[in-house]
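Geometric and topological summary
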Amino acid sequence: MGSESNQQPENNEHQDSRPLFLQKFRLYETSSNFYMVGRDKSRTSWKVLKIDRLEPLELFMYEDSATYSELECIDLLKRIHEGNISTGGLKFVSTCYGIVGFVKFLGPYHMLLITKRRKIGMICGHAVYAITKSEMFPIPNSTVLSNMAYSKNENRYKKLLRTVDLTRDFFFSYSYHIMLSLQKNLSNCEAGLTLYDTMFVWNEFLTRGIRHQLKSTLWTVALVYGFFKQVTLSLSGRNFVLTLIARRSRHYAGTRYLKRGVNEKGRVANDVETEQIVLEDVPDGRPVQISAVVQNRGSIPLFWSQETSRLNIKPAIILSRKDSKFEATKRHFENLVKRYGNPIIILNLIKTREKRPRETILRAAFANAIEFINKDLSEENHLRFLHWDLNKHSRSKATNVLTLLGKVAATALELTSFLHCQLTPVSETGKLLKFSSIDNTGDQAGQDLCEVRAVPNSTSGDYHVNLSTLQRGVLRTNCIDCLDRTNVAQFAYGLVALGHQLHALGFIDVENVDLDSPLADNLMKLYEEMGDTLALQYGGSAAHNKIFSERRGQWRAATQSQELFRTLQRYYSNAYMDAEKQDAINVFLGHFRPQEGKPALWELDSDQHYNVGGHASSLVMENSRPFIKRSLSEGNLICGSSCPVKENETEQTDDSDHPLPESAKGGSMGLSESTPEISTCETDISFARYTPSMSGRQLFLDMQLEQRLGSESVRLRERVESVDFSNFLDIEWLSSSGNSCEEETYERSAIIGSPCGVLSSDGLTVESKAETSFSAIESASSLKRQEQISGDLNIDAKGSNKHITEFSEKFVHWINNGDMLFP
């Protein structure tokens, strides 16, 4: 014991060539070391990890290269106890189920452990777990702790990290790569360390130190954040298991108004991979059929933002002109092709027309970006797209909306197909199976599937994979928030896919599940629950489910009341809670690393793509605009040099997060200078100011906007053909259903910022607008009047807890936990 495990194989191979997965651990301590003892599920293999407690500011650990039996391990612990009897011996600390990671603020390292878990599902014999309790332990002995360990800022960072609730919506598996889709698991030969670098492992930063020191992932668990739900359903006397998984990307992660659009690396806010798996429910040891389909949601991949406002439930959309050649947008779609192959199908659900341009500005710019990118692509690799105003259709019957979305989904599924295979248990282990019948198209999906790995099963050996169909390409859906309208569209796609999946598995004779069937209702409940979960994570309230409620026949007044409450809940969370949530996420993901002598995280207005409205420093901006906290592209936060692994020892991958270089940390406190923008209202240069009074059709056909902003010329030019257009399906039925661009005058208006001003955050609820026309010159005085109107909500941002006292405990509990306000 005590030898460093640089020779430890990355794949955690066991003596008999089968992978070793440690699933239960016991933590012991002496005055000089922690000893963690881990065992596998069968209790046949035991390993020991030693962590040094005498170094106050560094992290040193050693893995015993030997694999012990239970009796041998007990004997080893007795000898450690006897050797340390003079200093108190060996003491038991805690039972645990894996290491979440190690974190350092201004003082010593702390270790995060899972101390309780619960099983939430099974995939091909592999258990999936959620965390029910976690604890954080300081590494150094109390005798060597510095005063910094008890400083005010240190304790505040620890409290901030604890606000990331590991017991809500995090899940993991010891033996199944839950961060990958089923198709990737069948085709991807990566294992061990490299899996933690994927975009869906949220504790990649926290585990970086131990993984790079030990060259092993035996002791850690890879946490995925999002949604996991598994149900068993019956059809014609046969059972099948339906699993719905949503994986949120850790790149450019955060809350609604603080993370919008795309960053320079092409990563978008609220990037979520949704996987729907259908598994035949058969006894262990028998061949089993399985099918899976993946879809994607993510923010509109342009540089745009919204200011967090306590005066306006629906703040202005600000579109930047910093990327005239759409390089970041292009990077985003290149990444999608790398992950899923071609074709990439874009379903854009934002509005076609508005009295005051908001969503329509993004709609036109997004259409321009797609057209610009397609010019450099071969015709077969063109981005396929459909711009379709779901909000307009939601005013009609919900059934009509879902039927139309079903047609889009069926066309998209025909282009991408889905995974279907049969898994047959075999006795051989770890065998690579080659499929000469696979058509290698040259894209990433085709290359990965030249070889398909046998899937290890914990109960009946490995599986031989008999492949029928593969998914190539993906449907990417978005609205403004990628929450409410997007979730409706994802359900429609999931329902169409379910019909094809059940037909492939032999459960039904036709590739269709009727919208009125109990099976469709069961699937709707799953997608509704997923939508609520993702909306709480990103937006602060459950999703607006107007269409689902109408589909179930819910009383309309009750639906409107529910939508109102959710809008208020989302507004409160965005205006008062999201800044702290974003800080906690930045610390957890390693986007901000505290450093002594540098500003603390809560002292910075640091979550910002670009400094809107001037060249002032962050602190000046924060003092002048105390109610605003905006979004910063990932990797640009001020960071300290403290990290689990020295930077010169850590080889960063493309998916890793790079802190801001020292040379860029100057007087602007890490914020980039302002770039030209187009805002919908209340900025020095307003889109509405240049909007002529003409029809919507004329506007998009003839409008040209040219203003010299600094050294950059801004031009907005859009054709009416791109307003409602698709290049992958016939949209005549869309035009006939009233989705053409009707003539309507665009008017400039201000929305009074009371909680009753606008009841919808994503266009699916009833809106009650108090509109007042005013010129750009009058905007400042109008804003003051709004402050007076909203006096009850005008709260000093300097006191982090002052605002809570102005609301009842019951209301705050409802905001934070999402329970019913009125039981």
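For the structure itself, consult the block above.
In this report, the structure presented in the accompanying data block is examined. (Residues numbered from 1 in each chain as written. Predicted model: local features only at pLDDT ≥ 70, side-chain atom pairs only at ≥ 80, totals over all residues. Heavy atoms only, no water.)

1. Brief notes about the overall build of the chain
Helix and strand counts for the chain stand at 18 helices and 28 strands. The proportion of buried residues among the 823 residues of the chain is 59%. Expressed as a percentage of contacts within the chain between residues at least 6 apart in sequence, the contacts between residues at least 24 apart total 72%. Accessible area for the chain stands at about 32,800 Å²; split by element, carbon and sulfur atoms hold 49% of it. (Helix = DSSP H or I, 4+ residues; strand = E, 2+ residues; numbered from the N terminus. Buried < 20%, exposed > 50% of the residue type's maximum accessible area, 1.4 Å probe, protein only. Contact = heavy atoms within 4.5 Å. Areas by Shrake-Rupley, 256 points an atom, 1.4 Å probe, with all protein chains shown as cover.)

2. Concerning the pattern of salt bridges
Counted according to the given criterion, the structure contains 16 salt bridges. Two residues, Glu 275 and Arg 247, come together in a salt bridge whose shortest N-O distance is 2.8 Å. Separated by 28 residues along the polypeptide, Glu 275 in strand β12 (residues 272-280) and Arg 247 in strand β11 (residues 238-248) bring together distant segments of the chain. Given a relative accessible area of 0%, Glu 275 falls into the buried group. Judged by its relative accessible area of 0%, Arg 247 is buried. Here Lys 322 and Glu 264 are joined by a salt bridge, their closest N and O atoms 3.2 Å apart. In this pair, Lys 322 is assigned in the loop between β15 (317-320) and α5 (327-340) and Glu 264 in the loop between β11 and β12, connecting sequence segments 58 residues apart. Taking the relative accessible area as the measure of exposure, Lys 322 reaches 28% and is therefore partly exposed. (Salt bridge = Lys/Arg side-chain N within 4 Å of Asp/Glu carboxyl O.)

3. Side note on the sheet that holds strand β1 (residues 22-29)
Sheet strands associate in pairs through backbone hydrogen bonding, adopting either a parallel or an antiparallel arrangement. With antiparallel pairing, five strands are arranged side by side in an open sheet as β4-β3-β2-β1-β5. Each edge of the sheet is formed by a strand with only one pairing partner; in this case those strands are β4 (61-63) and β5 (91-96). The average angle at which neighbouring strand axes cross in this sheet is 20°, direction not considered. Pairing geometry for strand β2 (residues 33-40) and strand β3 (residues 46-52), over seven bridges, is antiparallel. Across the sheet, the residue bridging to Phe 34 is Ile 51, located in β3. Across the sheet, helix α1 (residues 70-83) lies against β1, β2 and β3, angled at about 25° from β3, the strand it touches most. Across the sheet, helix α4 (residues 204-214) lies against β3 and β4, angled at about 50° from β4, the strand it touches most. (Pairing = 2+ DSSP bridges. Axes fitted to C-alpha atoms, helices over the stretch in contact; angles between N-to-C directions.)

4. With respect to the side chain of Asn 141
Counting through the fold element by element, Asn 141 comes out in the loop between β8 (126-138) and α2 (152-162). A relative accessible area of 12% means that Asn 141 is categorised as buried. Among the polar contacts listed, one links the side chain of Asn 141 to the backbone oxygen of Ser 31, at a separation of 2.6 Å. When neighbours within four sequence positions are excluded, Asn 141 is seen to be in contact with Ser 31 and Arg 53. (Polar contact = N/O pair within 3.5 Å; in protein donor to acceptor, adjacent residues only side chain to side chain.)

5. Let's talk about the environment of Thr 207
Residue position: Thr 207 is located in helix α4. Among the polar contacts made by the side chain of Thr 207, one reaches the main-chain carbonyl oxygen of Glu 204 at a distance of 3.3 Å.

6. Some points on the packing of aromatic side chains
For the coordinates displayed, the defined rule picks out 16 aromatic pairs. Relative to Trp 219, the ring of Phe 25 lies with its centre 5.8 Å away and its plane at 45°, an arrangement referred to as tilted. Here Phe 25 is found in strand β1, whereas its partner Trp 219 is found in the loop between α4 and β10 (224-235), with 194 residues between them in sequence. Here the two residues Phe 25 and Trp 219 agree in accessibility, since each one is buried. Taken together, a centroid distance of 4.4 Å and an interplanar angle of 20° make the contact between Phe 170 and Tyr 225 stacked. (Phe/Tyr/Trp six-rings, centres within 6.5 Å; stacked < 30°, edge-to-face > 60°.)

7. Brief notes about the pairing of β8
Bridge analysis of strand β7 (residues 109-123) against β8 gives 12 bridges, and the strand direction is antiparallel. Pairing of Lys 119 across the sheet is with Tyr 129, part of β8. Here β7 folds back onto β8, and the loop between the two strands holds two residues, one of which, Cys 124, carries a positive phi near 50°. In the sheet, β8 pairs with strand β9 (residues 170-172) via two bridges, with the strands oriented antiparallel. Of the residues in β9, the one forming a bridge with Tyr 129 is Phe 172.

8. Topic: the environment of Leu 729
If you trace the backbone, Leu 729 turns up in the loop between β26 (712-717) and α16 (732-736). Accessibility expressed as a relative area gives 13% for Leu 729, which makes it buried. With 345 residues separating them along the chain, Leu 729 and Arg 384 place their C-alpha atoms 9.1 Å apart. In this structure, Leu 729 is in contact with Leu 386, Val 408 and Thr 411, ignoring residues within four places of it in sequence.

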